[in-house]
Amino acid sequence: MSESKAVKERALELLRSGLDFVDTHCHIDGEEYEDDRAAMLERARAAGISALITMGTDLETSRRAASLAAHETMVYAAAGYHPEGIDHVPADDELQAIAALTKEEKVIAIGEIGLDYYWEKDEAVRRIQREAFIRQLRLARELDLPVCIHDREAHGNTFELWKREGKGVRGVLHCYSGSVELAREFVKLGCYIGIDGPLTYKNAAKLPEVAAGIDGSRLLLETDSPYLTPVPYRGKRNEPTYVPLIAAKCAEIRGESLEVFAARARANTRELYGI
Ligand code: NI
């Protein structure tokens, strides 16, 4: 058998592991899944994904996420204003609209919120991002809900704001891309660390060190679908179905069995999100 064929067969085997997984961060409300959303969810279920959390990025996508959660048993939602493309600090009524969505039973977090300095180079807009982040951390504290944090090339400011404004807030740093040292600092402040498909890439850089080097009780699994598809499906659209592939890589790097690792990741999800 060729190497690539063996890799694909191993992947298919993992998608039939019979273990219980949650995709703690994805975006399934968009047009990427318009034609096959029901089939995609069915595939995920067959791969052991018992639940997924689809993230809002603004009011419209948060409403769509909430609506999906209301109609699909396995779907939960988060609501919030994402830093990418933000052009003003959310006003009180805009924050109240997010708060109102969280009154729905399956809207369980404020997200996706945070800082993105990779796409945003303008210091004035970065200031808007920071203010929006602060206001949503405060909202999460008021509502007693966990937050899902996006941090792209803004590690210093994200850490500083989480330390200052995140007191008493539970949260996860999603799709973590920093160093293991910084991850440990976030963990000390009560944060979870979300691991995605890039862990399976040859150029995963610092990520294997992070997966191996932080307390296992703080790791969460996520796909960030439709982006960041894990190997061997890299290049195709991502979907929650592939969580076991990320889990298997993580377990391998940590020198743990998939069963033990998956059970702990599942428990961590319950701990943070209550699902
Ligand atoms: Ni995301």
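Cut-offs applied
Residues numbered from 1 in each chain as written. Predicted model: local features only at pLDDT ≥ 70, side-chain atom pairs only at ≥ 80, totals over all residues. Heavy atoms only, no water. Axes fitted to C-alpha atoms, helices over the stretch in contact; angles between N-to-C directions. Helix = DSSP H or I, 4+ residues; strand = E, 2+ residues; numbered from the N terminus. Parallel < 35°, antiparallel > 145°, perpendicular 65-115°, else oblique. Contact = heavy atoms within 4.5 Å. Nonpolar A, V, L, I, M, F, W, Y, C, P; charged D, E, K, R; others polar. Donors = N, O, S within 2.8 Å, 3.2 Å for Na, K, Ca; no water. Buried < 20%, exposed > 50% of the residue type's maximum accessible area, 1.4 Å probe, protein only. Polar contact = N/O pair within 3.5 Å; in protein donor to acceptor, adjacent residues only side chain to side chain. Core = buried A, V, L, I, M, F, W, Y, C linked by side-chain atoms within 4.5 Å. Pairing = 2+ DSSP bridges.

Asks: Just checking my understanding: could you explain the packing of helix α3 (residues 59-71) against helix α4 (residues 92-101) for this structure?
Replies: The packing of two helices is summarised by the inter-axis angle and the distance between the axes. At their nearest, the axes of α3 and α4 sit 10 Å apart, and the two run at 10° to each other. Classified by the angle between their axes, α3 and α4 sit roughly parallel to one another. Contacts between α3 and α4 pair Leu59, Ser62, Arg63 and Ala66 from the former with Ala97, Ile98 and Leu101 from the latter. Split into classes, the residues belonging to the contact of α3 with α4 amount to 5 nonpolar, 1 polar and 1 charged.

Asks: What am I meant to see in the coordination of the nickel ion here?
Replies: Metal coordination angles have textbook ideals: 109.5 degrees for a tetrahedral set of four donors and 90 or 180 degrees for an octahedral set of six. Binding of the nickel ion to the protein goes through His25 (NE2), His27 (NE2), Glu112 (OE) and Asp224 (OD), at separations of 2.1 to 2.5 Å. Read from N- to C-terminus, the donor residues coordinating the nickel ion fall into the pattern H-x1-H-x84-E-x111-D. Of the two residues, His25 sits in strand β1 (residues 21-26) while Asp224 sits in the loop between β8 (219-221) and α9 (243-254), which places them 199 residues apart along the sequence. One exposure class covers both His25 and Asp224, and it is buried.

Asks: What is the right way to read the side chain of Thr24 from this model?
Replies: Turning to its location among the elements, Thr24 is positioned in strand β1. Engagement of the side chain of Thr24 in a polar contact is seen with the backbone oxygen of Leu221, the distance being 2.7 Å. If near-sequence neighbours (up to four positions away) are discounted, Thr24 is found in contact with Ile53, Met55, Leu220, Leu221, Glu222, Thr269 and Tyr273.

Asks: I would appreciate a short explanation of helix α6 (residues 155-165) in the present structure.
Replies: An α-helix turns once every 3.6 residues. As a result, residues three or four positions apart point the same way. Among the residues of α6, Thr158, Phe159, Leu161, Trp162 and Glu165 are the ones counted as buried. Where α6 is buried, its residues meet β4 (107-116), α5 (123-143), β5 (147-152), β6 (171-174), α7 (180-188) and β7 (191-195).

Asks: Where do I start with the nonpolar core in this structure?
Replies: Buried together is how nonpolar side chains tend to be arranged in soluble globular proteins. Counting residues in each nonpolar core, the largest one holds 81 residues, and the members touching the most others are Phe21, Ile28, Val147, Ile193 and Ile195. Those residues in contact with Phe21, other than ones at most four positions away along the chain, are Ala47, Gly48, Ile49, Ser50, Ala51, Leu221, Val243, Pro244, Ala247, Leu258 and Ala262. Among the nonpolar cores identified, the runner-up in size contains 15 residues, and Tyr76, Ile108, Val172 and Ile275 belong to it.

Asks: Can you help me understand the sheet that holds β1 in this one?
Replies: The strands making up a sheet associate through hydrogen bonds between their backbones, and the pairing can be parallel or antiparallel. The 8 strands lie next to each other as β1-β2-β3-β4-β5-β6-β7-β8, forming an open sheet whose pairing is parallel. Looking at which strands have only one partner, the edges of the open sheet turn out to be β1 and β8. Along the sheet, successive strands turn relative to each other by an average axial angle of 30°, direction set aside. Here β5 runs beside β6; their pairing, made up of 4 bridges, is parallel. Across the sheet, the residue bridging to Val147 is Gly171, located in β6. Along the sheet face, helix α10 (residues 258-273) touches β1, β2 (49-55), β4, β5, β6, β7 and β8 and points at about 95° away from the line of β8.

Asks: Hey, could you run me through the pairing of strand β3 (residues 75-79) in this one?
Replies: Working note: regular strand, side chains alternate between the two faces of the sheet. Burial analysis of β3 places 5 of its 5 residues in the buried class, the great majority of the element. A two-sided burial pattern is seen for β3, the buried positions comprising Val75, Ala77 and Ala79 on one face and Tyr76 and Ala78 on the other. As defined by bridge partners, β2 adjoins β3 across 4 bridges and the pair is classed as parallel. Counterpart to Met55 in the pairing with β3 is Ala78.

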